[in-house]
Every structure is written in structure tokens, then in C-alpha cells.
Amino acid sequence: GLISTKQLERALAEQATGTGSRLGDTLVRSGVLGERDYLETLAEQLGLPLVDLRQIVPETEALTRLPEPLVRSDAVLPLRVTGDVLLVAIASEPTPELVAKLTETAGISIAFDLALREDVTRAIDRSYSALSGLEHLAETYDDAVTATDARDAVITIDSGAGTDSVDVQALL
């Protein structure tokens, strides 16, 4: 195996002290097991793919399904929407509570891929920064369209003694 019996016993003892962490997380945190080795084993046990987030660009539609604060606090990265399923990358085994929270927030079913924690964190930074930039561009475009529409407008003024129309373009 990847670890000795003695290392396993120490990890089980640490876990029994009430840290609440899973055995695999304890083994990785203590340096007994590398994260990639842990995730490869976990992927095999859970039947989930282990993906390299350095090679994946999340879809905008997926990113908009989960708010950035939730994504950061739970270290999950929405990758893509296929039909009524949101695929999310995560660095550990998803808990039933997490699945319920993500399903409720996204409004669709959730499926998981496993990825290195550091890659998840970097991809969150990169993806939500890009999404924020797209939102800014959309707002700028909306403002420009509104300003263009306003220049083409005709204002009608009712003074009580009659109605006058003013071409806004003539005022600019």
C-alpha cells in the first residue's frame, strides 16, 4: 500500500481526537500521503474522474449557477452544465450536506469531478475574476446602449399652454 500500518494507526488516533476530518484528509495534512495519491485512490473508490483544472476552462453558465462566496467557502468549482446537471470540481469527498446546499443553490442536480485543492483554488480565482470582467463589460455595454437610445429620443414637453417636442440629438 501507500502507507504503513503504523502511519494508518497514527492517523486513526489523530482522527479519534475529535478533529472531525476524514481519514484521507488527515493523512494528507500530516504529510503521510500526497494529495494526488489520495485523490487517485478516492477517485477509484467513488468512481469519480480526477481532472486537471489547469487544462479546463469553466463555462460561464456554470459559474453563474453558484455565487462566488459559496464557491470559495466550500472550495468547489462549477465546470459546465449538461442538461439539468451542474458538474463541479472538488478536492475531497462531497458530503451529503454539501450536495444538498449546491443542488438547492444551483437549482439543478450536481455531479462531481475530483481535482487538487490548489488547482481548485487557482481556478476559482481565475474564473471568477474573468466572470467579474465579463459582468463589467456587459454593464458598460448596457450603459452605452442606454446613452445611444437617449440621444435618439425626442422629449415631449407639456407646458399647459401647448405641447412642444425637443429632439435630444439637436441639444448635443
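In case you missed it, the structure is sitting above this.
**Student:** In this structure, what is going on with the overall build of the protein? I would like to understand it.
**Tutor:** A count of helical and extended segments in the protein gives eight helices and five strands. Relative to its full complement of 172 residues, the protein shows a buried share of 29%. Within the protein, counting contacts between residues at least 6 apart in sequence, those at least 24 apart form 53% of the total. Summed over all atoms, the accessible surface of the protein reaches about 10500 Å², with 53% contributed by carbon and sulfur.

**Student:** What is the right way to look at the pattern of salt bridges in this model?
**Tutor:** Two side chains bearing opposite charge may form a pair once their charged atoms approach each other closely. Applying the stated criterion across every chain yields a total of six salt bridges. Where D125 meets R72, a salt bridge forms, and the shortest distance between an N and an O atom there is 2.6 Å. Of this pair, D125 sits in helix α7 (residues 117–151) while R72 sits in helix α5 (residues 68–74); the two residues are 53 residues apart in sequence, bridging distant segments of the chain. Residue E118 is joined to R122 by a salt bridge in which the shortest nitrogen-to-oxygen separation is 2.3 Å. Here the residue E118 and the residue R122 both occupy positions in helix α7, the gap between them amounting to four residues, near one helical turn. With a relative accessible area of 45%, E118 lands in the partly exposed category. The exposure class of R122 is partly exposed, given its relative accessible area of 46%. The network of salt bridges with common partners includes E68, R72 and D125.

**Student:** What's the story with the side chain of D113 in this structure? I'm lost.
**Tutor:** If you trace the backbone, D113 turns up in strand β3 (residues 109–114). Apart from residues lying up to four places away in sequence, D113 is in contact with P49, V51, L79, L87, V88, A89 and I90.

**Student:** What exactly am I supposed to notice about helix α3 (residues 35–46) here?
**Tutor:** Owing to its 3.6 residues per turn, the α-helix brings residues three or four apart onto one side. Look at α3: 16 Å from first C-alpha to last across 12 residues, which is about the 16 Å you get at 1.5 Å a residue. Backbone geometry just after α3 places G47 at a positive phi near 70°.

**Student:** What is the right way to read the sheet that holds strand β2 (residues 85–90) from this model?
**Tutor:** Strand pairing within a sheet occurs via backbone hydrogen bonds; the two strands may be parallel or antiparallel. Ordered in space as β1-β2-β3, the three strands form an open sheet in which the pairing is mixed. Two strands bound the open sheet, and with one partner strand each, they are β1 (76–82) and β3. Averaged over all neighbouring strand pairs, the angle between strand axes comes to 30°, with direction disregarded. In the sheet, β2 pairs with β3 via six bridges, with the strands oriented parallel. Counted as the bridge partner of L87 is A111 from β3. Contacts between helix α6 (residues 96–106) and the sheet are confined to β1, β2 and β3, with β3 contributing the most and set at about 125° to the helix.

**Student:** Help me out: how do you make sense of the nonpolar core in this one?
**Tutor:** Inside soluble globular proteins, nonpolar side chains tend to come together where they are buried. Membership of the largest hydrophobic core comes to 36 residues, with the highest contact counts inside it found for L53, L66, L77, L86 and L102. Within the residue set of this core, elements represented by two or more residues are α3, α4 (60–63), α5, β1, β2, α6, β3 and α7. For this core, the element with the most residues is β2, which contributes five residues.

**Student:** What am I meant to see in unusual backbone geometry here?
**Tutor:** What you tend to see is this: most non-glycine residues have negative phi, and most peptide bonds are trans. Of note in this structure, A75 is not a glycine but carries a positive phi near 50°. Among the secondary structure elements, A75 is positioned in the loop between α5 and β1.

**Student:** Is there a simple way to think about the pairing of β2 in this case?
**Tutor:** Successive residues of a regular strand alternate their side chains across the two faces of the sheet. The buried fraction of β2 is high, at five of six residues. Between β1 and β2, which pair antiparallel one after the other, the connecting turn spans two residues, and G83 there sits at a positive phi close to 65°. Crossover connection from β2 via α6 to parallel β3: handedness right-handed.

What counts, and where the lines are drawn
Chains are numbered independently. Their residues run from 1 in the order of the written sequence. Where totals are concerned, whole chains, interfaces and linings use all residues; where local detail is concerned, this predicted model gives features only for residues with pLDDT of at least 70, and gives and counts side-chain atom pairs only at 80 or more. Based on all heavy atoms of the structure, the side-chain values leave hydrogens and waters out of the count. For helices the rule is a DSSP run of H or I covering at least 4 residues; for strands it is a run of E covering at least 2, with both sets numbered from the N terminus onward. Remark: exposure states derive from per-residue accessible area (1.4 Å probe, protein chains only) relative to the maximum for the residue type, with buried under 20%, exposed over 50%, and partly exposed in between. Contact criterion: two residues are considered in contact whenever any of their non-hydrogen atoms come within 4.5 Å of each other. Per-residue and other accessible areas were derived by the Shrake-Rupley procedure at a 1.4 Å probe size, with only the shown protein chains allowed to occlude residues. The rule for a salt bridge is simple: a side-chain nitrogen of Lys or Arg has to be within 4 Å of a carboxyl oxygen of Asp or Glu. What a helix should span is 1.5 Å times the count of its residues minus one. Think of it this way: DSSP has to see at least two bridges between two strands before they count as a pair. Every axis corresponds to a line fitted to the C-alpha atoms, with the helix fit spanning only the stretch in contact, and the corresponding angles, defined between N-to-C directions, vary from 0 to 180 degrees. Buried Ala, Val, Leu, Ile, Met, Phe, Trp, Tyr and Cys residues form a nonpolar core when they are joined through side-chain atoms within 4.5 Å. Seen with its strands pointing away from the viewer, a crossover is right-handed when the path leading from the first strand over the helix to the second is clockwise.

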